[in-house]
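What the coordinates show
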Amino acid sequence: MRDEVSDRAYAAGWALVKRMPERMARATFNGLAEQVWRRRGTGVQQLERNLRRVVGPHTSHQDLRRLSHRAVESYFRYWREAFRLPNLSPQQIVSTIEVDGQEHMRAAIAAGRGLLIVLPHSGNWDHAGAWATIDYMPLTTVAERLKPESLYERFLDYRRSLGMEVLALGDRMVLPTLRRRLNDGGMVCLLADRDLSASGIQVEFFGEPTKMPAGPALLAYETGADLMPASLWYEPDRSRVRIHPPVLLDRAAPRAGVVREATQVVADAFAKGIAEHPEDWHMLQRLWLTDLPPRPAP
């Protein structure tokens, strides 16, 4: 019953936000962000612990709080824009985003290679995905399952309405499908700054160990696709994206070492973009190994 009520409330809220005038929607979500930040619940506290790694130990408590305030506002901006994105025309979607580094995408397409773009939880990745389907080609992505199932289906329908093929994380056909799309010269976009499996690669991230998913580097190694990290952030009137140059992979070398090294290169690219725009990194979950509870023994 609780799941059903949550789903109906979420659906009603989504429908209401889509109909709001822009100024009202902006004021509503800014007000919600202010309440959440002032309440300083577990998510905001973890956000501040994460941002502390980005800005360093010498940043004052007051400066860190100001940064987390901007980060919560950015996070709510993402949700406001996500709810309203299906109402935008293709022209509006394209005109409100600026993407640097598109020459890397065009080079992969011209060579007939797949495009494997990996993203952190920054800026508006849904807007970036919608833009890519308009200016380039349909894309395939993977979504974490949500509860209730009906809510998860709403998210699937939302991203499909933007032109994305969405696969469910944990489904046994995910890797074969992604491999097939890349072998066919297609585009795959994956959020890759947080490992949700037990098989992630340990990397150094802002000077501390964490794990990031091995899948992107493994897929690039196996398919010959170009593995391109991206940075995302906000400007007052638009979303911004930077596509980094493809990660160099020596496909003649042993797979395990190449995957490990490539995942570290991705982590370094993410760190560079996040350090430049820390307020737009929406990481309210535990990420570093020292923050995570130990995994149970197999």
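This structure is a prediction, so every number in the text was calculated from the model and none was measured.

1. A look at the overall build of the protein
Scanning the protein for helices and strands turns up 11 helices and 9 strands. The globule rule puts the C-alpha radius of gyration for 298 residues at 19 Å, and the 19 Å found for the protein is close to it. Once the C-alpha set of the protein is aligned to its principal axes, its extents read approximately 55 × 45 × 40 Å. Expressed as a percentage of the 298 residues in the protein, the buried residues total 49%. A separation threshold of at least 6 residues defines the contact pool for the protein, and within that pool the share at least 24 residues apart is 76%. If you average the places of the 40 positive and of the 36 negative side-chain charges in the protein, the two averages end up 4 Å apart.

2. Quick look at the pairing of strand E5 (residues 187-191)
A large share of E5 lies buried, amounting to 4 of its 5 residues. Both strand E3 (residues 139-143) and E5 contribute to a ladder of 2 bridges, which runs parallel. What sits directly across from Leu-139, in E5, is Met-187.

3. Remarks on the packing of helix H10 (residues 215-223) against helix H11 (residues 255-276)
Two elements in contact, H10 and H11, have axes whose closest approach is 8 Å; the angle formed by their N-to-C orientations is 125°. When the axis of H10 is compared with that of H11, the two are oblique. As H10 packs across H11, the resulting crossing turns out to be right-handed. Every residue of H11 that contacts H10 at Ala-217, Leu-218, Tyr-221 and Glu-222 is listed here: Arg-255, Val-258, Val-259, Ala-262 and Thr-263. The residue inventory of the contact of H10 with H11, partitioned by class, reads 6 nonpolar, 1 polar and 2 charged.

4. Some points on the side chain of His-244
By the secondary structure assignment, His-244 is in the loop between strand E9 (238-243) and H11. Among the residues examined, His-244 registers a relative accessible area of 10% and is labelled buried. A polar side-chain atom of His-244 sits 2.8 Å from a polar atom in the side chain of Ser-231. Each residue touching His-244, except ones within four places of it in the same chain, is listed here: His-104, Met-228, Pro-229, Ala-230, Ser-231 and Ala-269.

5. What to know about the pattern of salt bridges
In the structure shown here, the tally under the stated rule is 21 salt bridges. Across the salt bridge formed by Glu-165 and Arg-181, the nearest N and O atoms sit 2.8 Å from each other. Residue Glu-165 is found in strand E4 (residues 164-168), and its partner Arg-181 is found in helix H9 (residues 174-183); the two are separated by 16 residues along the sequence. Assessed through its relative accessible area of 26%, Arg-181 is described here as partly exposed.

6. A word on H9
Within the sequence span of H9, burial applies to Val-174, Thr-177, Leu-178 and Leu-182. Along the long axis of H9, the arc covered by the buried residues comes to 130°, so they all point the same way. Where H9 is buried, its residues contact strand E2 (115-119), E3, E4, E5 and H10. After H9 finishes, the residue Gly-185 shows a positive phi value of roughly 80°.

7. A few points about the nonpolar core
Formed by 85 residues in total, the largest nonpolar core has its most connected members in Leu-116, Ile-117, Met-187, Phe-205, Leu-227 and Trp-281. The residues contacting Trp-281, other than those within four sequence positions of it, are Leu-47, Asn-50, Leu-51, Val-54, His-121, Ser-122, Asp-193, Phe-205, Ile-274, Leu-287 and Trp-288.

8. Comments concerning the packing of aromatic side chains
A full pass over the atoms with the stated rule returns 11 aromatic pairs. For the pair Phe-29 and Phe-83, a centre-to-centre distance of 6.1 Å together with 65° between the ring planes defines the contact as edge-to-face. In this pair, Phe-29 sits in helix H2 (residues 22-39) while Phe-83 sits in helix H4 (residues 61-84), placing the two residues 54 residues apart along the sequence. Accessibility assignment for this pair places Phe-29 and Phe-83 in one class, buried. Given the relative accessible area of 10%, Phe-83 is considered buried. An aromatic cluster is built from Phe-29, Tyr-75, Phe-76, Tyr-78, Trp-79, Phe-83 and Trp-125, whose rings are joined through pairwise contacts. Here the guanidinium or amino end of Arg-77 rests over the ring plane of Tyr-234, the centre of that ring lying 3.9 Å away.

Definitions and cut-offs
- Residues numbered from 1 in each chain as written.
- Predicted model: local features only at pLDDT ≥ 70, side-chain atom pairs only at ≥ 80, totals over all residues.
- Heavy atoms only, no water.
- Helix = DSSP H or I, 4+ residues; strand = E, 2+ residues; numbered from the N terminus.
- Rg over C-alpha atoms; globule rule 2.2 N^0.38 Å.
- Buried < 20%, exposed > 50% of the residue type's maximum accessible area, 1.4 Å probe, protein only.
- Contact = heavy atoms within 4.5 Å.
- Lys, Arg positive; Asp, Glu negative; His and termini not counted.
- Charge placed at Lys NZ, Arg CZ, Asp CG, Glu CD.
- Pairing = 2+ DSSP bridges.
- Axes fitted to C-alpha atoms, helices over the stretch in contact; angles between N-to-C directions.
- Parallel < 35°, antiparallel > 145°, perpendicular 65-115°, else oblique.
- Left-handed = near helix turned anticlockwise from the far one by under 90°.
- Nonpolar A, V, L, I, M, F, W, Y, C, P; charged D, E, K, R; others polar.
- Polar contact = N/O pair within 3.5 Å; in protein donor to acceptor, adjacent residues only side chain to side chain.
- Salt bridge = Lys/Arg side-chain N within 4 Å of Asp/Glu carboxyl O.
- Arc of directions from axis to C-beta.
- Core = buried A, V, L, I, M, F, W, Y, C linked by side-chain atoms within 4.5 Å.
- Phe/Tyr/Trp six-rings, centres within 6.5 Å; stacked < 30°, edge-to-face > 60°.
- Lys NZ or Arg CZ within 6 Å of the ring centre and 35° of its normal.

Geometric descriptors of this kind do not, in isolation, establish any biological role.
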